[in-house]
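One letter stands for each residue in the lines below.
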Amino acid sequence: MQVDFSNNYFELFELPVQFDVSQDHLDTRFRSVQRYLHPDKFAAASDAERRWSIQAASFVNEAYQCLSAPIKRASYILSLNGITLDEETDTQMSPMFLMEQMELREAIGDAPDASDPYAALDKIAAQLNDGRRNSADEFSQAASNEDWQQARTVVRQWQFLEKLVSEVQSLEARLDDAL
Amino acid sequence: MALLQISEPGQSQAPHQRRLAVGIDLGTTNSLVASVISGSASVLKDEHEQWTIPSVVHYSTNHEPLVGKSAQEKAASDPFNTIRSAKRLMGKGANDVQQSWLADHYQFDLETGSIPAFKTVVGNKSAIEVSADILSKLRATAEQTLGGDLVGAVITVPAYFDDAQRQATKDAAALSGIHVLRLLNEPTAAAVAYGLDSGTDGVVAIYDLGGGTFDISLLKMQRGVFEVLATAGNTALGGDDFDNAIADWMRTRAGLEQMPDQSSHRQLLRLARSVKEQLSSQDKTSYALNLSDEINISGEISVADVNAIIEPLLKNTLAPCRQVLRDAGIAKTDVKAVVMVGGSTRVPLVRTMVSEFFDQPVLTDIDPDQVVAIGAAVQANVLAGNKTDDDLLLLDVIPLSLGLETMGGLVEKIIPRNTTIPIARAQEFTTYKDGQTAMALHVVQGERELVSDCRSLANFELRDIPARVAGACRIQVLFQVDADGLLSVSALEKESGVLASIDVKPSYGLSDGEIEQMLKASMEHASEDVQKRALAEQKVEGRRVVEAISSALEADGDTHLSVDERTDIDALIETLLEKLEQDNGDAIKQAIEKLEAGSSLFVERRMNASVKQLMAGQEIEELERTLVSSDASRET
């Protein structure tokens, strides 16, 4: 049995398809929907209902996670507008941007040898967070102008930032483990 | 007509009767069973008036397995046949056993290709079978106290248990004849007990250090919704390790390289444990173990000594604490309360270190040994369908990332850790050779980049792929993690819509066939009338199905079904009801299967209608009537 969730994530959350969303609204709607769909509500139901509930709750979780993470939300809006990111085939980026990336990468690589590695990583993390905020603003602007090529460029650069953020985090975890 | 009868109060399935369900804390050292009795959850006592049952099983050719205190008493005289800490080996392979201290204490059968087993006088016993014996004891205790058959149990597991360890726990329950309503993470269970008690809203840290496992979880509590934000831990660290370290210290002080035999080692461990417990409330104590002139272990030990011994072990719990904060994106100052769970948090140094780490006093006012079982009992009561005032919803996460092996032994993550469950992720694959009809996938769990550093969960083989030119087949593989945190995999060829069949070879654990075999073997040896038990289980299940489907029919059967369709389902219910009056387990099972199959279309229509309403932004109260009507009709 397949669950027919042909509607998009935004409709599930009673929102128009737009980048700016209220996290409070997402949280509230998520909880109220899960109160009715979650497998715990079907523990005493028939097997078919239980299977359905697992699928339905999975869909809602996926939707919530997508809309709650700004970069995932942005990519999702692109895909709803028929724009693909072509991550593997299209590797062209502006030289300026690539230069910045290399510098950041070097800084991350040097951080463990700094006198205070945590402080060094915090500084990079703050810089990355500024970059993420800028990306979100730029995307929001481009999307509301329906300039999808610009929006796509923003998301592709933003992906690099997210990758660096996770590198910083795993480096922190490695430092923790060594304590 | 039949339908009216069955929804009538006091008829066949007695809708107003409370369904007996329990919460089970299956611990490394001790196990507990709890239930909600007249509105409040409490731990049940066994025939010796004890509420903690040592997780120890003694096997003998003379009698049925002994469980608990009576088994523990055999530990010194018959060490190899007295199995404790079996939980440490749940879902583990031969390599894990060799690295565990258990390898020094027991004789193992580590034959490759099968799961590791303790060698006992009654044959090989896997950790799953040992756990099943403990669960049987808990089940018997509960059924005796509550006076009836259980409809099911919520069994708690360490949050950091991987898929293999969870599956092993579920297998043990199946062997002991317990229907698992849900596997619940121990810290989440503790949070339920704590949260309902205090009515706290906000982020809470649950620090859970038991006999053999450590977990740290961050939960956000908000009006009855318990949302796990992040979890981390170590499934091979606990109070047992403290005992071992203290025992080693005492032995070394006495100038001994090692203990002469298992029995004396056990005695030393017991001494170490009692020393540890005494030093929770006093500054120093003396100890003595006089086995012979050569083996005389005695002296004084202070809190400072113990602290120095266990501090390195305890430090290992702080990295996971940092990790959950980072994963959840939460600062220490955002944590509203730190709750201590597990017997090992009685050790004063544990409390001091955790309190210093989170920069706030820790909460120890709820009994750290009972809190997990209590929380599980509350959840079991809700899941069994007994309506309560607590509008409770638990949203848990997967503790470790799930990934697939790719070229060069690297891991590609499919579902990252701390993703809220249930969750499904699809991944597309294509054939790389002309005429290729099969494909192998290797699923692993863990955070590292190399396959060899992660836990191998299973090897899947996709078969029956239509033979085409390379790249023409697109196979979508769906990874579904259910609310118990267990993975299942299905595959679909996208062009033809053909379902590729999947052969699963679990890396550690039992295949369905092996479970069946064990069940059969246990039935042949069991003294109780297993046929009778199987029949009783079928009857409980049969009544559950009749009730679930009848109440759905009553709610909106006429909306979704034609007169003919309705008549067919009614007839299937009627047949099942007739079989329930007779004593033929197989016939009941068949009637259940027929009813499930015959009503699946109705269920599907009904569910999809609910989703449409949900999508259309229907009023929530309206939805409640449609979706949970099956609950409403059995409300007392």
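Conventions used here
- Residues numbered from 1 in each chain as written.
- Chains lettered and ligands numbered in written order.
- Predicted model: local features only at pLDDT ≥ 70, side-chain atom pairs only at ≥ 80, totals over all residues.
- Helix = DSSP H or I, 4+ residues; strand = E, 2+ residues; numbered from the N terminus.
- Buried ≥ 20, exposed ≤ 12 C-beta atoms within 10 Å, placed from the backbone.
- Contact = placed C-beta atoms within 7 Å.
- Rg over C-alpha atoms; globule rule 2.2 N^0.38 Å.
- Pairing = 2+ DSSP bridges.
- Axes fitted to C-alpha atoms, helices over the stretch in contact; angles between N-to-C directions.
- Parallel < 35°, antiparallel > 145°, perpendicular 65-115°, else oblique.
- Left-handed = near helix turned anticlockwise from the far one by under 90°.
- Nonpolar A, V, L, I, M, F, W, Y, C, P; charged D, E, K, R; others polar.
- Expected span 1.5 Å × (residues − 1).
- Arc of directions from axis to C-beta.
- pLDDT = per-residue confidence, 0-100.

Participant: Got a minute to help me understand the overall build of chain B in this structure?
Facilitator: Summing up its helical and strand segments, chain B has 19 helices and 27 strands in all. Scored against the burial criterion, the 636 residues of chain B give a buried share of 46%. Partitioning the contacts of chain B with sequence separation of at least 6, the portion at a separation of at least 24 is 69%.

Participant: Explain the overall build of chain A to me, please; I cannot follow it from the model alone.
Facilitator: A tally of regular secondary structure across chain A gives seven helices and zero strands. Taken from the N to the C terminus, the helices and strands of chain A come in the order α-α-α-α-α-α-α. Relative to a compact globule of 179 residues, whose C-alpha radius of gyration would be 16 Å, chain A shows 20 Å and is clearly more extended. The dimensions of chain A, computed from C-alpha atoms along their principal axes, are 60 × 45 × 30 Å. Here chain A holds 179 residues, and 30% of them are scored as buried. Looking at chain A alone, contacts between residues at least 24 apart form 62% of all its contacts between residues at least 6 apart.

Participant: What should I look at first to understand the pairing of strand β17 (residues 296-302) of chain B in this one?
Facilitator: On a regular strand, each side chain points to the face opposite its neighbour's, so the side chains alternate between the two faces of the sheet. Residue and element names in this part refer to chain B. Across seven bridges, the pairing between strand β16 (residues 284-290) and β17 is antiparallel. Its bridge partner lying in β17, L289 is registered against I297. Connecting the antiparallel pair β16 and β17 is a turn made up of five residues.

Participant: Explain the packing of helix α7 (residues 148-178) of chain A against helix α10 (residues 318-328) of chain B here, please?
Facilitator: Where α7 of chain A meets α10 of chain B, the axes come as close as 9 Å, and the angle between the chain directions of the two elements is 160 degrees. When the axis of α7 of chain A is compared with that of α10 of chain B, the two are roughly antiparallel. Judged by the twist between their axes, the crossing of α7 of chain A over α10 of chain B is right-handed. Where α7 of chain A abuts α10 of chain B, its residues Q169, E172, A173, D176 and D177 of chain A lie against A319, R322, Q323 and R326 of chain B. Here the contact of α7 of chain A with α10 of chain B is composed, by residue class, of two nonpolar, two polar and five charged.

Participant: Would you mind showing me how to read helix α4 (residues 70-80) of chain A here?
Facilitator: Residues separated by three or four positions in an α-helix point in the same direction, a consequence of the helix having 3.6 residues per turn. Residues of α4 of chain A that are buried: P70, R73, A74, S75, I77 and L78 of chain A. Where α4 of chain A is buried, its residues meet α3 (47-68), α6 (117-144) and α7 of chain A.

Participant: Would you mind showing me how to read the sheet that holds strand β18 (residues 335-341) of chain B here?
Facilitator: Paired through backbone hydrogen bonds, the strands of a sheet run either parallel or antiparallel to each other. Residue and element names in this part refer to chain B. Pairing is mixed across the open sheet formed by five strands, whose spatial order is β18-β13-β14-β15-β19. Only two strands of the sheet have a single neighbouring strand rather than two, namely β18 and β19 (393-395). Taking each pair of neighbouring strands and ignoring which way they run, the sheet shows an average axis angle of 25 degrees. Of the strands in this sheet, β14 (214-222) and β15 (225-234) are in contact with α10, which crosses β15 at around 140 degrees.

Participant: Explain the interface of chain A and chain B to me, please; I cannot follow it from the model alone.
Facilitator: Where interface size is given, it is often the accessible area lost as the parts come together that is meant. Tallying the contact residues gives 40 residues for chain A and 42 residues for chain B. By residue class, the composition of the side of chain A that touches chain B is 17 nonpolar, ten polar and 13 charged.

Participant: Could you clarify how one ought to interpret the packing of helix α5 (residues 95-110) of chain A against α7 of chain A in this entry?
Facilitator: Residues and elements named next belong to chain A. α7 packs onto α5 with a crossing angle of 5 degrees between their chain directions and a minimal axis gap of 11 Å. Here α5 lies roughly parallel to α7, going by the angle between them. Across the interface between the two elements, F97, Q101, L104 and I108 of α5 pack against Q157, F160, L164, E167, V168 and L171 of α7. Along the lines of polarity and charge, the residues of the contact of α5 with α7 split into seven nonpolar, two polar and one charged.

Participant: Teacher, can you tell me more about helix α16 (residues 585-598) of chain B here?
Facilitator: Residue and element names in this part refer to chain B. Along its 14 residues, α16 runs 20 Å from first to last C-alpha, staying within 8% of the 20 Å computed at 1.5 Å per residue. Every buried residue of α16 is accounted for by I588, A591, I592 and L595. Along α16, the residues classed as buried sweep out an arc of 105 degrees about the axis, all on the same side. Exposed side of α16, more than 90 degrees from the buried face: D586 and A597 are the residues found there.

Participant: It is not clear to me how the confidence of the model for chain B should be interpreted in this structure. Could you clarify?
Facilitator: When pLDDT is low, close inspection of the predicted coordinates is not appropriate. Residues and elements named next belong to chain B. Confidence in the prediction for chain B averages 84 pLDDT; 87% of positions are at 70 or higher. In this model, residues 1-16 is a region of pLDDT below 50 whose contacts with residues beyond four sequence positions or in other chains number 26 contacts. Below pLDDT 50 for its whole length, residues 618-636 participates in 35 contacts with residues either more than four positions away or in separate chains. Across the interfaces of the predicted complex, the ipTM metric reaches 0.88, alongside a pTM of 0.82.

Participant: Where do I start with the sheet that holds strand β7 (residues 82-84) of chain B in this structure?
Facilitator: Residues and elements named next belong to chain B. Pairing within the open sheet is antiparallel, and its three strands lie in the order β6-β5-β7. Single-partner strands in this sheet number two, and they are β6 (66-67) and β7. As defined by bridge partners, strand β5 (residues 56-58) adjoins β7 across three bridges and the pair is classed as antiparallel. Counterpart to V57 in the pairing with β7 is I83.

Participant: I'm lost on the environment of S94 of chain A in this one. Help?
Facilitator: All names here are of chain A. With respect to the helices, strands and loops of the structure, S94 is situated in the loop between α4 and α5. On the basis of neighbour count, S94 is assigned to the exposed category, with 10 C-beta atoms found within 10 Å. For S94 and Q157, which are 63 residues apart along the polypeptide, the C-alpha to C-alpha distance reads 9.4 Å.

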